[in-house]
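For reference, the chains in residue letters:
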Amino acid sequence: MTQSTDFHAPDGLRTRGTVIVVPGRGETRATYARLGSRLAYDAYRVRVVDLPAADPAAVAPFLDALARRLSEAVDGIAAEAPDGLPRPLVLVGSDLGAAGLAALLAGPFSGPFSGPFSGPFSGTAWWPQAAVLAGLPGQGSRAGGKWEDELDIRTHCPTHRGVLTGDAAVERGALAGAVPQDLLDAAYGSAAGIPHLLLVGDADPLADRDAIARAAKTLPKARLSVVRGAHHDVLNDLQHRSVAAEVVTFLEALRNELIPAVTVETSAW
């Protein structure tokens, strides 16, 4: 059984949906404790899973491993809930986790690697009502240098830098290798019909803003939100409160056929 970290809605509140979080390169489940707690406080059931250990260069086996991980997570939550899985179900991924989710939701992969990828999976229990893709890496993007250099690329939030540095399970140097091009091609070529929220920091040196913008236009139902001053770990940078609010706004709009609860009629700023 794969380990996971869970965050529950406060006692007495009806759970408004389920969020499964998939980390990125080098990260652990502890990386997303702050985000998980915040979403749970807003009455969402959150489970953070481990990124599959399968080599992402072998795209089909990697995606199958990711699908199994999602299935296990969703089945586990559904078994615990008296009325089954609280929906909507939303998948959240960062970095490699985001690329993997995007490629998985795109459908069957037909590449040069061995191993069956048995998608599409629409209709299965883990197929989501929406996805949040944060910090999608660009083609060939990588981060070398010392740990302090990697931290600067990841985040300028002192609290999050402390979390990453203090977690012995964090894989330092994980950003030094580029995400496999075949996986990125599948991710950026997705035309999955579910709603997507794409998040990118405008100070992310690993992002390809033009490619992300094209992906947002290719997806039938996509919103691209650019976070001012944020770096690669856009869910955990200095702007984490505003980013979490953007995610919650998306979750709430999803419950209302993508109609926002609040619109600005007039403003001086």
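Scope of this entry: the structure provided in the associated data block. Along each chain, residue indices are assigned from 1 in the same order as the chain's sequence is written. Note on the predicted model: pLDDT of at least 70 is required for a residue's local features to be given, and 80 or more for side-chain atom pairs to be given and counted; whole-chain, interface and lining totals, by contrast, use all residues. In computing side-chain properties, one takes all heavy atoms of the structure into account and sets aside hydrogens as well as water.

Secondary structure counts use DSSP, requiring at least four H or I residues in a row for a helix and at least two E residues in a row for a strand, with both numbered from the N terminus. A count of helices and strands for the chain gives eight helices and seven strands. The reference for a compact globule is 2.2 Å times residues^0.38; the radius of gyration itself is calculated from the C-alpha atoms. In terms of overall dimensions, the chain is globule-like: its C-alpha atoms have a radius of gyration of 17 Å, near the 18 Å expected for 269 residues. Expressed as lengths along the three principal axes of its C-alpha atoms, the size of the chain is roughly 50 × 45 × 40 Å. Accessible area is worked out with a 1.4 Å probe on protein chains only. A residue is then buried under 20% of its type maximum, exposed over 50%, and partly exposed in between. In the chain, buried positions account for 54% of the 269 residues. The contact rule is simple, with two residues in contact once any of their heavy atoms fall within 4.5 Å. Considering only residue pairs separated by 6 or more positions, the chain has 81% of its internal contacts joining residues 24 or more positions apart. Surface accessibility follows the Shrake-Rupley procedure with a 1.4 Å probe radius. Residue values consider only the protein chains on display as shielding. Within the structure as shown, the chain displays about 12,100 Å² of accessible surface, and the carbon and sulfur contribution to it stands at 51%.

A few words on empty space enclosed by the protein. A cavity, in this analysis, means grid points on a 1 Å lattice covering only the protein atoms where a 1.4 Å probe fits yet has no way out; a pocket is instead an open set bounded by protein on both sides within 12 Å along at least five of seven lines, and a residue lines either one if it has an atom within 4 Å of a point. Grid points are joined across faces, edges and corners, and a volume is the space filled by probe spheres set on the points. Enumeration over the complete set of coordinates arrives at one cavity of 30 Å³ or more. The calculated volume of the largest cavity comes to roughly 50 Å³. Lining the largest cavity are Ala102, Leu133, Leu136, Ala187, Tyr188, Ser190, His196, Leu198, Ala215 and Leu219. Contributing elements (two or more residues each) for the lining of the largest cavity: α6 (181-188) and β6 (196-201). A breakdown of the residues in the lining of the largest cavity according to their chemical character gives eight nonpolar, two polar and no charged. Note on residue classes: Ala, Val, Leu, Ile, Met, Phe, Trp, Tyr, Cys and Pro are nonpolar, Asp, Glu, Lys and Arg are charged, and everything else, Gly too, is polar.

Judged by pairing direction, the sheet is mixed, and its seven strands sit side by side in the order β1-β3-β2-β4-β5-β6-β7 without closing on themselves. If you trace the sheet from one side to the other, it starts and ends with β1 (4-7) and β7 (222-227), each paired once. Strand-to-strand twist across the sheet, computed as the mean angle between neighbouring axes with direction ignored, equals 15°. Whether two strands pair depends on DSSP finding at least two bridges between them. Bridging between β1 and strand β3 (residues 45-49) involves four bridges; their strand directions are antiparallel. By the bridge assignment for β3, phenylalanine 7 is matched with valine 46. Only the contacting stretch of a helix is used when fitting its axis, a line to C-alpha atoms as for every element, and angles between N-to-C directions run 0 to 180 degrees. The strands touched by helix α1 (residues 33-41) within the sheet are β1, β2 (18-22) and β3, with β1 carrying the most contacts at an inclination of about 35°.

What follows deals with the environment of glycine 100. Tracing the backbone through its elements, the reader meets glycine 100 in helix α3 (residues 96-106). Glycine 100 sits in the buried class, given a relative accessible area of 0%. Each C-alpha atom of the pair glycine 100 and alanine 186 lies 8.9 Å from the other, and the pair is 86 residues apart in sequence. If we ignore the near neighbours within four places in the chain, the residues touching glycine 100 are Phe62, Leu63, Leu66 and Leu183.

Let's shift gears to the pattern of salt bridges. Here, a salt bridge means any side-chain nitrogen of Lys or Arg that lies within 4 Å of a carboxyl oxygen of Asp or Glu. Taken as a whole, this structure holds 13 salt bridges when the rule is applied. Here aspartate 152 and arginine 161 are joined by a salt bridge, their closest N and O atoms 2.9 Å apart. Residue arginine 161 is classed as buried on the basis of its relative accessible area, which comes to 17%. The shortest N-O distance in the salt bridge between glutamate 246 and arginine 223 comes to 2.9 Å. Remark: arginine 223 occurs in strand β7 and glutamate 246 occurs in helix α8 (residues 240-254); sequence separation between them is 23 residues.

Further remarks concern the side chain of histidine 232. Note that histidine 232 resides in the loop between β7 and α8. A polar contact is formed between the side chain of histidine 232 and the side chain of aspartate 204, at a distance of 3.0 Å. With near-sequence residues (within four places) excluded, histidine 232 lies in contact with Arg25, Asp95, Gly135, Ile153, Arg154, Leu175, Asp204 and Leu206. Identification of polar contacts relies on pairs of N or O atoms within 3.5 Å, with a donor-acceptor requirement for protein atoms, meaning one able to donate a hydrogen and the other able to accept it, and with residues adjacent in sequence counted only if both atoms are side-chain atoms.

On to unusual backbone geometry. Here the residue pair arginine 87 and proline 88 is connected by a cis peptide bond, since its omega of 15° sits within 30 degrees of zero. Take proline 88: it is sitting in the loop between α2 (59-80) and β4 (89-94). For glutamate 257, which is not a glycine, the phi torsion comes out positive at approximately 55°. Secondary-structure assignment places glutamate 257 in the segment after α8.

Moving on: the packing of α2 against α3. Running from N to C, α2 and α3 point in directions that differ by 95°, and their axes come no closer than 10 Å. Relative to α3, the element α2 is oriented roughly perpendicular. Mapping the contact onto sequence places Phe62, Leu63, Leu66, Ala67 and Leu70 in α2 and Leu96, Gly100, Leu101, Ala103 and Leu104 in α3. For the contact of α2 with α3, a count of residues per class yields nine nonpolar, one polar and no charged. Our angle categories are set so that under 35 degrees counts as roughly parallel, over 145 as roughly antiparallel, 65 to 115 as roughly perpendicular, and the remainder as oblique.

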